[in-house]
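One letter stands for each residue in the lines below.
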Amino acid sequence: EACVQETITLLTTRTDEEILNTRQMADPIMIMAMKFLTKLEFGMTQTKPRSVPLVTQKIIELSLAKGMSPMSPIGFVHLGALLSKRGDINSGYRYVKL
């Protein structure tokens, strides 16, 4: 899927250390948006699984652009699971362990 590849492209410009050291999200509106997206992602897993990569991409984009929130790891775990399902276990593991 194109959005998975776009997310990978975005992440390959950063090392694991850079991702882990991304500043914390401070904007309460963005934190609320992240909470909404993670709940949406869980719901879509059951109802529209083909749309989950789009939400995952948005969670990761916001995390990298606006800072990490307590919900950011959920996006990385979903990305890792998507990559593993596609057969890229090493990359999947990389993002899950972050």
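Our structure is the block above this text.
Residues numbered from 1 in each chain as written. Predicted model: local features only at pLDDT ≥ 70, side-chain atom pairs only at ≥ 80, totals over all residues. Heavy atoms only, no water.

In this structure, what is going on with the packing of helix α3 (residues 28–47) against helix α5 (residues 72–85)? I would like to understand it.
Any two packed helices are characterised by how steeply their axes cross, that is the angle between the axes, and by the distance between the axes. In the contact formed by α3 and α5, the axes pass within 9 Å of each other and the chain directions differ by 30°. You can see that α3 and α5 cross each other, and the crossing is left-handed. Of α5, the residues touching α3 (which contributes M34, T38, E41, F42 and T45) are S72, I74, G75 and H78. Across the contact of α3 with α5, the residue classes tally to 3 nonpolar, 5 polar and 1 charged. (Axes fitted to C-alpha atoms, helices over the stretch in contact; angles between N-to-C directions. Helix = DSSP H or I, 4+ residues; strand = E, 2+ residues; numbered from the N terminus. Left-handed = near helix turned anticlockwise from the far one by under 90°. Contact = heavy atoms within 4.5 Å. Nonpolar A, V, L, I, M, F, W, Y, C, P; charged D, E, K, R; others polar.)

Sorry, what's going on with the pattern of salt bridges here?
When the charged atoms of two side chains lie near each other, side chains of opposite charge can form a pair. Counted by the stated rule, this structure contains 2 salt bridges. For R94, the salt bridge goes to D16, with nearest N and O atoms at 2.5 Å. With a gap of 78 residues between them, R94 in helix α6 (residues 89–97) and D16 in helix α2 (residues 16–20) connect regions that are remote in the sequence. For the salt bridge of K58 with E61, the shortest nitrogen-to-oxygen distance reads 3.7 Å. Note that K58 and E61 are positioned in helix α4 (residues 52–66) at a spacing of 3 residues, about one turn of the helix. Here E61 falls in the partly exposed class, since its relative accessible area comes to 31%. (Salt bridge = Lys/Arg side-chain N within 4 Å of Asp/Glu carboxyl O. Buried < 20%, exposed > 50% of the residue type's maximum accessible area, 1.4 Å probe, protein only.)

Help me out: how do you make sense of the environment of E41 in this one?
Looking at where E41 falls in the secondary structure, it is placed in helix α3. Here the alpha-carbon distance between E41 and L79, two residues 38 residues apart in the chain, equals 11 Å. Setting aside chain neighbours within four positions, we find E41 in contact with V52, V55, T56, I59, I74, G75 and H78. A distance of 2.3 Å separates the side chain of E41 from the side chain of T56, its partner in a polar contact. (Polar contact = N/O pair within 3.5 Å; in protein donor to acceptor, adjacent residues only side chain to side chain.)

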